[in-house]
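Spelled out, the chains give:
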Amino acid sequence: MSPSLVRGFHFPAEPITLRPWTGSPAGPGVYIEPGVLATPETVAIPFTQPEPGVVRLAWDPEASVQRLVTEAYVPAGRPWHSRLAVPSGWIPSAVREALLRASVAPRLRAEGFPGWPVESLVEDIRTIVRAAEAASGRRRSPEPLWPGGHTWAAVLSHDFDSLDAFRHDRWKALAEIEEAHGLRSSWHVCSEHLPAAFRALETLAARGHEIAWHGPRHDYRFAFRPTERIRREAAAAALSLGAFAPRGFRSPNFLRTPGLLAGLEDVFGYDSSARDTAAELFGAPGRQGCCTVFPFFHGRLLELPVTIPDDLSIRCLYGDDAERIATVQAGKLGWIRSRAGMALALTHPESWISVTPGALKAYGKLVEAVAADPDAWRALPRDVEAWWRGRSGAPT
Ligand SMILES: [Zn+2]
């Protein structure tokens, strides 16, 4: 049986109280106190009390959260660029940036669901379930969310998109910022770059960083290949990266399908291609995302969503403005901390994305904030995977 998506979450502040409610023609329900949830309005959640000590919600929170985290609410469709035969690196960075500005930026700025940069719905549902458990008198003490008495988790990761990142050692600037604060991170590499990448990867691994996979090549098609082929390519990559004991994957350009996740299962331990809230390049209209700042399972594969606004999204909104980048990231970090969640950041060691003066300055501030907080569990993705599997009773 899959671990529950709604039970066992407890947040530092749990201000929701459930009160009998008879003010609606829909019948009995509860009030959620105004201002507690993301919406300022009072939200009515129907429930029944079939017997003392039992609170039965008249909806299925488990199914609701399942639908949200798997993004089943997003209109189905395959983006046109996923049929392009060219790797994304063949497209000049100025053109890619212009496309992002045209396609992604307006949808990040618009009103809509999920909210950007914060969407609290899944965490709100979990809080309601916890309050219902308390009202029924059956509330148990759940396992700690994070180890060692830490109240939230902070994870840093990077994707190598091009050979340029190795030829010019672009990764060094980001690694040095982290190491100066005693932090380490994960680095996702494409198989096609391995001959040029190997020495850099060995250096990173020797310095305590994690190496993970970023697909066979940096194109737009991998997620749409047949599952069997994906599984074969994943197994080959696990072998060629064997010296680094790889556990994780992130899809090039964030493109993901159920077939992709099925192909990765049992080859890798975690995927980190989802974002909690984002606009996808030429994807479904509006925004999408898994709406949670916690890990969750796709079958046996654990998902570790990117939850700090990623550098590509930020670049197309704010250019290289260090102040604005730092402000939006610090705001999200603070919100994740308040919900005891996992802050997972993604930066690219590429000349046009995160290795620019403003982006590097902003990254320094983010790393500093993480390093300065004794409540943060500063972990590699593979450590979060091992912890969450153990906490969920899921096999390794
Ligand atoms: Zn990439």
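Residues numbered from 1 in each chain as written. Predicted model: local features only at pLDDT ≥ 70, side-chain atom pairs only at ≥ 80, totals over all residues.

**Digging into the environment of Gly8**
Part 1: Note that Gly8 resides in the segment before strand 1 (19-21).
Part 2: Along the primary structure Gly8 and Ser141 are separated by 133 residues, whereas in three dimensions their C-alpha atoms are 8.0 Å apart. (Helix = DSSP H or I, 4+ residues; strand = E, 2+ residues; numbered from the N terminus.)

**Some details on the confidence of the model for the protein chain**
Part 1: A residue-level look at the protein chain finds 87% of positions with pLDDT of 70 or above and a mean pLDDT of 87.
Part 2: Note that residues 33-42 has pLDDT below 50 and, in this model, 18 contacts with residues that lie over four places away or in other chains. (pLDDT = per-residue confidence, 0-100. Contact = placed C-beta atoms within 7 Å.)

**Some points on helix 10 (residues 311-318)**
Part 1: Burial of helix 10 is extensive: eight of the eight residues sit out of reach of the surface.
Part 2: When helix 10 is considered as a whole, its buried residues turn out to be Asp311, Leu312, Ser313, Ile314, Arg315, Cys316, Leu317 and Tyr318.
Part 3: In this fold, the buried residues of helix 10 make contact with helix 2 (93-103), helix 3 (105-109), helix 11 (322-338), strand 12 (342-347) and helix 12 (357-372).
Part 4: Of the residues flanking the end of helix 10, it is Gly319, one or two places downstream, whose phi is positive at about 60 degrees. (Buried ≥ 20, exposed ≤ 12 C-beta atoms within 10 Å, placed from the backbone.)

**Brief notes about helix 1 (residues 61-69)**
Part 1: Regarding helix 1, the residues found buried are Val65, Leu68 and Val69. Mapping the buried residues of helix 1 onto a view down its axis gives an arc of 90 degrees, with all of them on the same face.
Part 2: Contact partners of the buried residues in helix 1: helix 4 (121-135) and strand 10 (296-298).
Part 3: Trailing helix 1 by a residue or two, Glu71 shows a phi angle of about 60 degrees, which is positive. (Arc of directions from axis to C-beta.)

**Describing the packing of helix 11 against helix 12**
Part 1: Contact geometry of helix 11 with helix 12 gives a least axis separation of 8 Å together with a crossing angle of 25 degrees. With respect to their mutual orientation, helix 11 and helix 12 come out roughly parallel. Like other packed secondary-structure pairs, helix 11 and helix 12 cross with a definite hand, here right-handed. Along its contact with helix 11, which presents Ala322, Ile325, Ala326, Gln329, Ala330 and Leu333, the element helix 12 presents Gly358, Ala359, Lys361, Ala362, Lys365, Leu366 and Ala369. (Axes fitted to C-alpha atoms, helices over the stretch in contact; angles between N-to-C directions. Parallel < 35°, antiparallel > 145°, perpendicular 65-115°, else oblique. Left-handed = near helix turned anticlockwise from the far one by under 90°.)

**Overview of the pairing of strand 7 (residues 210-213)**
Part 1: Here strand 7 shows no split at all, with Glu210 and Ala212 on one side and Ile211 and Trp213 on the other all buried.
Part 2: Where strand 6 (residues 186-189) lies against strand 7, four bridges are found, and the strand directions are parallel. Residue pairing for strand 7: Val189 is matched across the bridge by Trp213.
Part 3: Read as a crossover between parallel neighbours, the route from strand 6 over helix 7 (residues 194-206) to strand 7 is right-handed. (Pairing = 2+ DSSP bridges. Right-handed = clockwise from strand over helix to strand, strands pointing away.)

**Some details on the pairing of strand 5 (residues 152-159)**
Part 1: With eight of its eight residues buried, strand 5 lies for the most part within the structure.
Part 2: Taking every second residue as pointing to the same face, both faces of strand 5 are buried, with Trp152, Ala154, Leu156 and His158 on one and Ala153, Val155, Ser157 and Asp159 on the other.
Part 3: Relative to strand 13 (residues 376-378), strand 5 runs parallel, the two being bridged by three bridges. Paired with Ala154 across the two strands is Arg378, which belongs to strand 13.
Part 4: As judged from the six bridges shared by strand 5 and strand 12, these two strands associate in the parallel manner. Bridging across to strand 12, Ser157 finds its partner in Leu346.
Part 5: Pairing of strand 5 with strand 6 involves three bridges; the strand directions are parallel. Each residue of the ladder has a partner; that of His158, found in strand 6, is Trp187.

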